[in-house]
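Chain by chain, the residues:
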Amino acid sequence: MDKPVIGLTASHDLKTDDLRMGHFYMDALRHNGAIPVILPLTLDEEEAGQLAESLDGFLFSGGPDIHPFLFGEETLMGCGDFSPLRDSSELLLLSQVYERKKPVLGICRGAQLLNIALGGDIYQDIFSQIPARSPIAHRQPFNAAHPAHRVALESGSRLAAISESLSLEVNSLHHQAIRNAAPCLKVCGRSSDGIIEAVEQPDHPFLIGIQWHPEQLAGKYPHADRLFSAFIKACSRCGQISSS
Ligand code: MN
């Protein structure tokens, strides 16, 4: 059986305007049985539709902040830099992918993007917007290869079943986070300070957004590989349906 081919959204180097991709996402996808392809930073609607049709699944990767106009807000001082190219091409692609019910994994920025695209919103900066929060370092002070805090998963959620656990040790490299989950999404994981760390759409073939970076934990933390492996399995089922 052919391996599923998974579209991976690229990083945008805002200083040089170049497309970039570190090895972690590609390694994690390859080691768990998929072929990753890096997607362009610019896409029109027709191209996004064609990609959504022909690839087996999509990983929306981490990256810079999302422009606040996209979720109906003015920019606050705590907001960071953004990539106009990524905001527009990823939203275009996601709407085409969602229409076709192809499997989607959103990581960090990718989870926030899913939530915004489906009608939710995010905190532009959790540190200034939720000052009373217990002070977990969502921007961890050490290498992302090591977990920094725990996420409690909702019992009965798809993510809990995939992870085979209700408590995950995760890394944390974010200052934004989902505020109000989109109506179709269910919150399925939170850190102990109440921050939403995982969402999923229960009636979708596979749509999960997580705030941590499993690609940097893969190979060492079984829950990270279980997630990639479940995503890739869903992509291979989807590929079989669309080619039959
Ligand atoms: Mn976190």
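The structure contained in this document is the topic of the report that follows. (Residues numbered from 1 in each chain as written. Predicted model: local features only at pLDDT ≥ 70, side-chain atom pairs only at ≥ 80, totals over all residues. Heavy atoms only, no water.)

### Comments concerning the environment of Pro103
Test applied: Strands here are runs of E lasting at least two residues and helices are runs of H or I lasting at least four, both read from the DSSP assignment and numbered beginning at the N terminus. We call a residue buried when its accessible area falls under 20% of the maximum for its residue type, exposed when it is over 50%, and partly exposed in between, using a 1.4 Å probe and counting protein chains only. Contacts are assigned to residue pairs with any non-hydrogen atoms lying within 4.5 Å of each other.
With respect to the helices, strands and loops of the structure, Pro103 is situated in the loop between α3 (84-99) and β6 (104-107). What makes Pro103 buried here is its relative accessible area of 0%. Once the C-alpha coordinates of Pro103 and Glu215 are considered, the two residues, 112 residues apart in sequence, prove to be 17 Å apart. Each residue touching Pro103, except ones within four places of it in the same chain, is listed here: Asp56, Gly57, Phe58, His204, Phe206, Phe231, Ala234, Cys235 and Cys238.

### Concerning α3
Defined as follows: A helix is expected to reach a length of 1.5 Å times the quantity of its residues less one.
Look at α3: 23 Å from first C-alpha to last across 16 residues, which is about the 22 Å you get at 1.5 Å a residue. Within α3, burial applies to Arg86, Asp87, Ser89, Glu90, Leu93, Leu94, Gln96 and Val97. Packed against the buried residues of α3 are β2 (11-12), α2 (45-54), β5 (57-60), β6 and α4 (109-117). Trailing α3 by a residue or two, Lys101 shows a phi angle of about 55 degrees, which is positive.

### Let's talk about the coordination of the manganese ion
Test applied: Each metal site is built from N, O and S donor atoms within 2.8 Å (3.2 Å for Na, K and Ca), and since water is not included, such sites may look incomplete.
Protein ligation of the manganese ion involves His138 (ND1), His149 (NE2), Ser172 (OG), His174 (NE2) and Glu197 (OE), the donor distances falling in the range 2.2 to 2.3 Å. In primary-sequence terms, the residues that donate to the manganese ion follow H-x10-H-x22-S-x1-H-x22-E. With His138 in the loop between α5 (126-129) and β8 (149-153) and Glu197 in strand β12 (residues 196-200), this residue pair connects regions lying 59 residues apart in the sequence. Grouping residues by exposure puts His138 and Glu197 together as buried.

### Some remarks on the side chain of Arg133
Considering the arrangement of structural elements, one finds Arg133 in the loop between α5 and β8. If near-sequence neighbours (up to four positions away) are discounted, Arg133 is found in contact with Ile126, Phe127, His138, Asp193 and Ile195.

### Considerations on the nonpolar core
The condition is simple: The term nonpolar core refers to a set of buried residues drawn from Ala, Val, Leu, Ile, Met, Phe, Trp, Tyr and Cys, joined through side-chain atoms within 4.5 Å.
Membership of the largest hydrophobic core comes to 33 residues, with the highest contact counts inside it found for Leu29, Leu59, Leu105, Leu159, Phe206 and Trp212. Those elements that provide at least two residues to this core are β1 (5-8), α1 (23-31), β6, β8, α6 (158-163), β9 (167-170), β13 (207-210) and α7 (222-243). Broken down by element, the residue count for this core peaks at eight residues, all from α7. Non-local contacts of Leu105, meaning those with residues more than four positions away in its chain, are made with Phe58, Leu59, Phe60, Phe206, Ile208, Leu227, Phe228 and Phe231. Judged by nonpolar contacts, the second largest core, of 25 residues, contains Leu43, Ala52, Leu118 and Ala182.

### Let's talk about unusual backbone geometry
Non-glycine residue Lys101 carries a positive phi angle of around 55 degrees. By the secondary structure assignment, Lys101 is in the loop between α3 and β6. Taking relative accessible area as the criterion, Lys101 reaches 47% and is therefore assigned partly exposed. Backbone geometry places Glu164, a non-glycine residue, at a positive phi of 55 degrees. For Glu164, the position within the fold is in the loop between α6 and β9. Given a relative accessible area of 58%, Glu164 falls into the exposed group.

### Some points on the packing of aromatic side chains
To keep it simple, the criterion reads: A pair of aromatic rings is counted whenever rings of Phe, Tyr or Trp (Trp by its six-membered ring) have centres within 6.5 Å, and the orientation is called stacked for planes under 30 degrees apart, edge-to-face for over 60 and tilted otherwise.
Scanning all chains against the criterion turns up one aromatic pair. Centre to centre, the rings of Phe206 and Phe231 are 5.4 Å apart; their planes meet at 45 degrees, and the pair counts as tilted. With a gap of 25 residues between them, Phe206 in the loop between β12 and β13 and Phe231 in helix α7 connect regions that are remote in the sequence. The burial state of Phe206 is the same as that of Phe231; both residues are buried.

No statement about biological role is implied by the geometric values presented.
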